[in-house]
Amino acid sequence: MNENIHDVINETENVESFEESVVSDLTQGLHSPLYCKINDVTIRDIRIRDAFTRFLKEVECGDSITVMDILTSAENYVKNGEADVNAGNLIFAYNPNQVTDNKFRAKLLKNTVSNVYSLFAVRNGITVDLNAIGGTVVSAESTHFLILPPKKVDKFNKLFVKNGVELKKVGEVISTNRIILSTGNDVVASVDKSFLTSNSMSKVDIGTEHFNAFLSGYNAVSSLVLCNCISSNNIIRFGLGGTLSEIVARALGYFAALTYFKTIPVRIVFVADNEASVAVSRPRIADGDYLYLLKLRKDVYELPDKGHFGQLFYYLGEKKRMGIIKDVLPCGENINRVINRLCTDTLEYDKLSEIPKDCFGVIVTVGRGESVNGIKLGCFKNTL
C-alpha cells in the first residue's frame, strides 16, 4: 500500500513538473513572445508599415495581435483560408516534405496547421499524444498537422497511401478550452488555454532601426524559395531573441515575403537567435567541386529586387535540371564557418575569392568541369 501511494505521489509530481515546464516555456521562456498580446503598435518606417497595413487588411485581429497571428496568417493568406478547428475533428501529423504532388499538397494545406505552436493557438482546445509526435513538444516543432472531421478521414487516408506519405493520428479538437498532452493513456499536462492569452498588454514602437530585423525575416523566406529550387527539406530558423519590437518587425518581414512569393508549405523552428535564417541539408562535397556565389540585387528599398529574383529562380531550376548544380547553401553571416566545416580529413578548401560584405544570394556547388554565372569562391581538393 505504501509503495502504491509512493508511486502515485511521484507520478503526480512528474505531471506538475511537466505542466510547469510547458507553461513556463510558453509564458516566460523562449516561445513566450509568440503569444504576447500587443494592443499598441507604432511603425515609423514606411517599408515595415506597408507590410503591417497589408496584414491588417487580411486579418481580423480584434483589439490586439500576437507574433503568432502574424506568422500563421501569412500561410493562411497564401492557402486562402484557415483549417477547420471545430470540436470533434481529428488531428493528424505528417511531414510536408514527403508530399511531392502539387494537387495533393493543395488539398492538405486547406486543412493544415503549420506547426505545434500554431496548433496551441487555434480556437477550441486540443488533445495531443506526445508519443505520436516524437515524445516532446519540441520534437514536433516543424511538423504539420492535418485537422479533419471524422467523415473525411477515410478519403484522406486513401490519398496518403496513394501518395506514399505517412499519416499519424495524434489527437483531437475538443470543446473545452484546454491543451491536454498525454503519453499513451497517461495525461502529463492539462492546462487552460487562458495561460496563452493573459490580460496584460504590450506595445511596440518600430522604426528604421528595426529594418534589419524586418529584412532578416524577408530574406529568410526569399532564401528558402531559392534553396528549394535545388533541394528539399529546408527549414526556416525564426529567431525569438531581441526586443518585442524586433521580433514583430522580423515577423512582418516574414509575412511580407511569404504573401509575395506564395511559397508553401514552410517548415519553421523557433530559436534564440536575433535573426531569421534558413537551414539546409549538409551539401555532398567531392574532390574537384567548386563553390559559386550567385548574388541577388537589391531594390531602392534595400529588399531583394523582384525582377532579378525571378531570373535567378528560373536560372537555378534550369541548372539543377541539367545536373550542373549539385547542392546549395544560403548566404549568411556565418557562411565561412559553414564552408570550413565541409572539409574532411581527405578534403581541403582552396579559397579563390572573398564573399562580398552585406550581399544576399545563394552559394551552389558544381562538379569538376562545370560552371555557373556567378562569383567563383573556391574549390575542394583531395589531400591524399
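Refer to the structure printed above.
Each value, and the rule that gives it
Residues numbered from 1 in each chain as written. Predicted model: local features only at pLDDT ≥ 70, side-chain atom pairs only at ≥ 80, totals over all residues. Heavy atoms only, no water. Helix = DSSP H or I, 4+ residues; strand = E, 2+ residues; numbered from the N terminus. Rg over C-alpha atoms; globule rule 2.2 N^0.38 Å. Buried < 20%, exposed > 50% of the residue type's maximum accessible area, 1.4 Å probe, protein only. Pairing = 2+ DSSP bridges. Contact = heavy atoms within 4.5 Å. Axes fitted to C-alpha atoms, helices over the stretch in contact; angles between N-to-C directions. Patch = residues over 30% accessible without salt bridge, like charges linked within 9 Å, V, L, I, M, F, W, Y side chains within 5 Å. Areas by Shrake-Rupley, 256 points an atom, 1.4 Å probe, with all protein chains shown as cover. Salt bridge = Lys/Arg side-chain N within 4 Å of Asp/Glu carboxyl O. Lys, Arg positive; Asp, Glu negative; His and termini not counted. Charge placed at Lys NZ, Arg CZ, Asp CG, Glu CD.

## Some remarks on the overall build of the protein
Helix and strand counts for the protein come out as 10 helices and 17 strands. Against the compact-globule benchmark of 21 Å for 384 residues, the protein has a radius of gyration of 23 Å, which places it among compact chains. Its C-alpha atoms put the protein at 75 × 50 × 45 Å along the principal axes. In the protein, which comprises 384 residues, the proportion classed as buried is 51%.

## Observations regarding the pairing of strand E16 (residues 361-366)
Extensive coverage of E16 is indicated by the burial of six of its six residues. Pairing analysis gives five bridges linking strand E14 (residues 325-330) to E16, with the strands arranged antiparallel. Bridged to Ile 325 within E16 is Val 366.

## Regarding unusual backbone geometry
In terms of backbone geometry, most residues other than glycine have negative phi values and most peptide bonds are trans. Between Ile 264 and Pro 265 the backbone carries a cis peptide bond, its omega angle lying at 5°. Along the polypeptide, Pro 265 turns up in the loop between helix H8 (244-261) and strand E11 (268-271). Even without being glycine, Asn 233 reaches a positive phi, approximately 70°. Relative to the helices and strands, Asn 233 is located in the loop between helix H7 (211-228) and strand E10 (235-239). Backbone geometry at Asp 358 places phi at a positive 55°, although glycine is not the residue there. For Asp 358, the location among the structural elements is in the loop between strand E15 (347-351) and E16.

## Notes on the sheet that holds strand E4 (residues 125-129)
An order of E3-E5-E2-E6-E4-E7-E8 is seen for the seven strands of this open sheet, with the pairing classed as mixed. Unpaired on one side and paired on the other, strand E3 (112-113) and strand E8 (186-192) mark the two borders of the sheet. Where strand E2 (residues 90-94) and strand E6 (residues 168-174) come together, four bridges link them in antiparallel fashion. The residue bridging Ile 91 from the neighbouring strand is Gly 171, located in E6. Of the strands in this sheet, E2 and strand E5 (144-148) are in contact with helix H6 (residues 153-162), which crosses E5 at around 140°.

## Notes on a positive patch on the surface
Taken together, the side chains of Lys 107, Lys 110, Lys 151, Lys 152 and Lys 155 present a region of like positive charge at the surface. Its place among the elements puts Lys 110 in the loop between helix H4 (102-109) and E3.

## Looking at the sheet that holds strand E17 (residues 375-382)
Ordered by their spatial adjacency, five strands build an open sheet running E14-E16-E13-E17-E15, and the pairing between neighbours is antiparallel. A strand with exactly one partner marks an edge of an open sheet, and here the two such strands are E14 and E15. When strand polarity is set aside, the average angle formed by the axes of neighbouring strands in this sheet is 25°. Two strands pair when backbone bridges link them, and strand E13 (residues 290-295) and E17 are joined in this way by four bridges, in the antiparallel orientation. Bridging from a neighbouring strand, Tyr 290 pairs with Cys 379 of E17. The sheet contacts of helix H9 (residues 306-321) involve E13, E14 and E16, and relative to E13 the element is tilted by about 155°.

Worth remembering: the numbers are spatial, not functional.
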